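# An overview of the molecular structure
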Amino acid sequence: MAGLSRKMSIIIIKTIMDERKKNIKTLETQKQEAAESLNLMLENLGEARMNSMETSAVAAQTDDGDDVTEYQRLHKEIADSERAIKAIEANIARLRELEELISGKEADRSQMTQELAGLYTRLGELVLQDPDYEAFAASYQQRTEGLLPKIAALEDRLGTLDDKRTGVFSWIGKNAQSMVIRSFLGKSQDNLQRIYGMAGEQFLHSPASESIESRELRSLVQDIQDIQKGISGLEEELSALREERRNIVKAFDAQGKQTQVLEKHIAQTRIELRILYRKAGKSAASASIMEQDDLLLEAVEKQREKIRSLEHEIDQLNAALAIDEETASIEKLNSTIVEHRQRIAASEKAIADLETRIDEANRHIAALTIRRDSPEV
């Protein structure tokens, strides 16, 4: 029964210890929160003091002069780093803007180039058909003479196939023929358009273009020249935009991960600034020199008192927990002692039993000895 009672005592003590540990953890959390709140109050107090002393001529003549100098240095480093980051961010934004501008102008140039190609083709076609430019058209006429009849023949043949009504199998064969003819026709038409385009472009660079009498040709040439000017203007704009983009990219390559470095530097500097504020706040709180912050000083003192109270509770619980641990240890030792004593008692009983058996054996030996040594009757 005593052993069972000690085991119950140990269980109860462990339960109490677990509850104390839980309470200590809760109080430690409250203490941490109170300490953070106190630090924030001190930082606010210190910041207010630094701001007021920065413009005070008295600060330079006191022990706080070094703190003010440090305060100014940290603020300047943060401001410089923030300006550098803003400059980088502005470059990033400008780079995105440049990419959009370049993409848009390249699309415009592509569209104008296509329009220009179409106008060249139309101009070449008209010039080659105009008897006034027979001399210019001679070299191109030789190349179109073989294409025009071929295109006409292919178109006729395709039209003939489309007009015929046939069965399913004939339709499959006709469809295959149609695909082949359409392919040849497309290639021939493309070749003809290229010849017209080359002729139109070459015509503008030839002496023949200097005396155009046809109103349609003059209008077409004017449209071509307008588009050429537009493309030339786009090329100049694209060149300037690409140069600006190259300069920004080059700057990024030189800066590398400068933004991350600056952000880390700002974060570290802000930590140093908070430490400085806290130091100045402690000095102000201990000296009570800032009458305008009486309420804040009172709040600081209340927070300190709360922390001291929490620390006292934690110390008491830690002491009680240490007592509980020693008590539990004692109970375990007592339980071990009881176990040892029980084993000793069992051993002593076993020894007594063995001694009794030894005595009985000795008496038996004595009786047997007497019997052995007795004379025969």
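The structure displayed is predicted, hence computed values, not measured ones.

## Quick notes on the overall build of the protein
- For the protein, the helix and strand inventory stands at seven helices and zero strands.
- In the protein, the succession of helices and strands from N to C terminus is α-α-α-α-α-α-α.
- Here the protein, with 377 residues, has 27% of them falling under the buried criterion.
- Summarising the internal contacts of the protein: among those between residues at least 6 apart in sequence, 84% fall at separations of at least 24.
- Accessible surface computed for the protein: about 25,700 Å², of which carbon and sulfur atoms make up 53%.

## Some words on the packing of aromatic side chains
- Summed over the entire model, instances satisfying the criterion amount to two aromatic pairs.
- An angle of 80° between the planes, with centres 5.1 Å apart, marks the rings of Y133 and F203 as edge-to-face. Of this pair, Y133 sits in the loop between α2 (65-129) and α3 (134-163) while F203 sits in helix α4 (residues 168-204); the two residues are 70 residues apart in sequence, bridging distant segments of the chain. In this pair, the class of Y133 matches that of F203, namely buried.
- When the ring of F136 is compared with that of F203, the centres are 5.4 Å apart and the planes differ by 70°; the resulting orientation is edge-to-face. Of this pair, F136 sits in helix α3 while F203 sits in helix α4, and the two are 67 residues apart along the sequence.

## Observations regarding the side chain of T121
- Secondary-structure assignment places T121 in helix α2.
- Given the relative accessible area of 13%, T121 is considered buried.
- Those residues in contact with T121, other than ones at most four positions away along the chain, are Q193, Y196 and G197.

## Let's talk about the confidence of the model for the protein
- Per-residue pLDDT for the protein averages 79, and the proportion of residues at 70 or more is 84%.
- Segment residues 57-62: pLDDT under 50, and six contacts once partners within four positions in sequence are set aside and those in other chains are kept.

## Overview of the nonpolar core
- Core analysis: the biggest nonpolar cluster contains 28 residues, and L123, V127, Y133, F203, L217 and I224 have the highest contact counts within it.
- The element contributing the most residues to this core is α2, with eight residues.
- Apart from the residues lying within four places of it in its own chain, the contact partners of F203 are L123, V127, Y133, F136, A208, S209 and I212.
- With 20 residues, the next largest nonpolar core counts I85, I88, I248 and Y277 among its residues.

## A few points about the pattern of salt bridges
- Under the definition given, this model contains 16 salt bridges.
- Here R73 and E77 are joined by a salt bridge, their closest N and O atoms 2.4 Å apart. With R73 and E77 both in helix α2 and four residues apart, this pair spans about one turn of that helix.
- The exposure class of E77 is partly exposed, given its relative accessible area of 24%.
- Between R83 and D80 there is a salt bridge, with the nearest N and O atoms lying 2.2 Å from each other. With R83 and D80 both in helix α2 and three residues apart, the pair spans about one turn of that helix.
- Judged by its relative accessible area of 29%, D80 falls in the partly exposed class.

## Things to note about a nonpolar patch on the surface
- On the surface, a cluster of nonpolar side chains totalling about 360 Å² of accessible area is made up of M8, I11, I12 and I16.
- Relative to the assigned elements, I11 resides in helix α1 (residues 2-54).

Definitions and cut-offs
Residues numbered from 1 in each chain as written. Predicted model: local features only at pLDDT ≥ 70, side-chain atom pairs only at ≥ 80, totals over all residues. Heavy atoms only, no water. Helix = DSSP H or I, 4+ residues; strand = E, 2+ residues; numbered from the N terminus. Buried < 20%, exposed > 50% of the residue type's maximum accessible area, 1.4 Å probe, protein only. Contact = heavy atoms within 4.5 Å. Areas by Shrake-Rupley, 256 points an atom, 1.4 Å probe, with all protein chains shown as cover. Phe/Tyr/Trp six-rings, centres within 6.5 Å; stacked < 30°, edge-to-face > 60°. pLDDT = per-residue confidence, 0-100. Core = buried A, V, L, I, M, F, W, Y, C linked by side-chain atoms within 4.5 Å. Salt bridge = Lys/Arg side-chain N within 4 Å of Asp/Glu carboxyl O. Patch = residues over 30% accessible without salt bridge, like charges linked within 9 Å, V, L, I, M, F, W, Y side chains within 5 Å.

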